[in-house]
Amino acid sequence: MTEEILKVEHLNKFYGDWQVLHDINFDLKKGEVVTLLGPSGSGKSTLIRTLNGLEPFRKGSIYFKGKKIDPTPKEWQKLRQEIGMVFQSYDLFPNLTVLDNILLAPTKVQGRNRADVKKEAMELLDRVDLADQANSYPRQLSGGQKQRIAIVRALAMHPELMLFDEVTASLDPEMVRGVLEIIKELSDRDHMTMIIVTHEMNFAAQIADRVLFLENGRILEETPGKQFFEHPQTARAAEFLSSMEF
Ligand code: ADP
Ligand code: MG
């Protein structure tokens, strides 16, 4: 049986009195790619952030690698070493070089040997065609380059699961492809387990093993990737896809 990486059971989340996520249930097996699609405000970012402990939840359970998460700050801090996340805004440290940005967490948080991590970081940088920028500062890089560095920085932690929230949304169109190619390769070559929020429908159609379609904080449908883009189960998802000119 393929190893289960994540299981979400009856997850309900509130902002104050207002319920933003309603009874979310799904699971994710090792190597699987799930894309979260849905209109703006449907709760995609909230769900992703909850899965990384950045948002508390009131009801329900999250299991990571078969173990129920005790949602305390200390536990999340530990889990975040295994659950990498890349956001829309590349949050690199401006005062550190590219290489030091990448080395920081593996050496300080994981206590790994600096020379080993550096060797690995250089290999990762080479893989995203940025080895020549190792000693640059983030301000010297384009948005697309910064986002590729943010991905490398997350990978340097050896995560078991990667969460991507609209990582190309603020990039110029010519930068988008390079970033998406890296994510695609992570799936094809490394079989990385991933949850991806994206508005790039062609990309989603290529990469998604499954689609979770959200609206108003609810999963309206959960459909195999290919099927979702050809024959979504709900009229709402069909309407969404046509609005995306897909
Ligand atoms: P999406 O990523 O799908 O666009 P979000 O998860 O960002 O959706 O937002 C879901 C809903 O929760 C929206 O109605 C949004 O306005 C609301 N929301 C998001 N963050 C907060 C917050 N910190 N406090 C209160 N409401 C929020
Ligand atoms: Mg969002």
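Residues numbered from 1 in each chain as written. Chains lettered and ligands numbered in written order. Predicted model: local features only at pLDDT ≥ 70, side-chain atom pairs only at ≥ 80, totals over all residues. Heavy atoms only, no water.

In the nomenclature of an unreviewed UniProt entry, the protein is known as Amino acid ABC transporter ATP-binding protein of Limosilactobacillus avistercoris. The protein has a UniProt comment under Sequence similarities (unreviewed entry) that states "Belongs to the ABC transporter superfamily." (UniProt positions renumbered as here; feature names shortened; annotations may be inferred.)

A.B. asks: Break down the overall build of the protein for me, with residues and values.
C.D. replies: Looking only at helices and strands, one finds 9 helices and 10 strands in the protein. Taken over C-alpha atoms, the radius of gyration comes to 18 Å for the protein, in line with the 18 Å a tight globule of 246 residues would show. With respect to the principal axes defined by its C-alpha atoms, the protein has extents near 50 × 40 × 40 Å. Buried residues in the protein amount to 50% of all 246 residues. For the protein, contacts bridging at least 24 residues in sequence account for 66% of all contacts bridging at least 6. Of the accessible surface of the protein, which amounts to about 11,900 Å², a share of 47% is contributed by carbon and sulfur atoms. (Helix = DSSP H or I, 4+ residues; strand = E, 2+ residues; numbered from the N terminus. Rg over C-alpha atoms; globule rule 2.2 N^0.38 Å. Buried < 20%, exposed > 50% of the residue type's maximum accessible area, 1.4 Å probe, protein only. Contact = heavy atoms within 4.5 Å. Areas by Shrake-Rupley, 256 points an atom, 1.4 Å probe, with all protein chains shown as cover.)

A.B. asks: Now, about unusual backbone geometry: what can you tell me, with residues and values included?
C.D. replies: For histidine 10, which is not a glycine, the phi torsion comes out positive at approximately 45°. Structurally, histidine 10 is set in strand β1 (residues 4-15). For glutamate 166, which is not glycine, the phi dihedral falls at a positive 50°. With respect to the helices, strands and loops of the structure, glutamate 166 is situated in the loop between β7 (161-165) and α6 (173-188). Accessibility expressed as a relative area gives 16% for glutamate 166, which makes it buried.

A.B. asks: Which residues make up the layout of surface pockets, and what values go with them?
C.D. replies: Where empty space is left in the structure can be found by rolling a water-sized probe over the atoms. Of the voids in this model, the largest pocket is the one considered here, and its volume is about 600 Å³. Residue lining of the largest pocket: 24 residues in total, with Arg80, Met85, Ala105, Arg153 and Met157 positioned closest to the centre. Among the residues making up the lining of the largest pocket, the classes are represented as 13 nonpolar, 7 polar and 4 charged. Empty space within the second largest pocket amounts to approximately 210 Å³. Forming the walls of the second largest pocket are 13 residues, and the residues nearest its centre are Arg127, Val128, Gly178, Glu181 and Ile182. Elements represented by at least two residues in the lining of the second largest pocket include exactly α4 (114-127), α5 (143-155) and α6. If one sorts the elements of the lining of the second largest pocket by residue count, α6 sits on top with 5 residues. Taken together, the residues of the lining of the second largest pocket sort by class into 7 nonpolar, 1 polar and 5 charged. (1 Å grid on protein atoms, 1.4 Å probe; cavity = no way out; pocket = protein on both sides within 12 Å on 5 of 7 lines; lining within 4 Å. Points joined across faces, edges and corners; volume = space filled by probe spheres on them. Nonpolar A, V, L, I, M, F, W, Y, C, P; charged D, E, K, R; others polar.)

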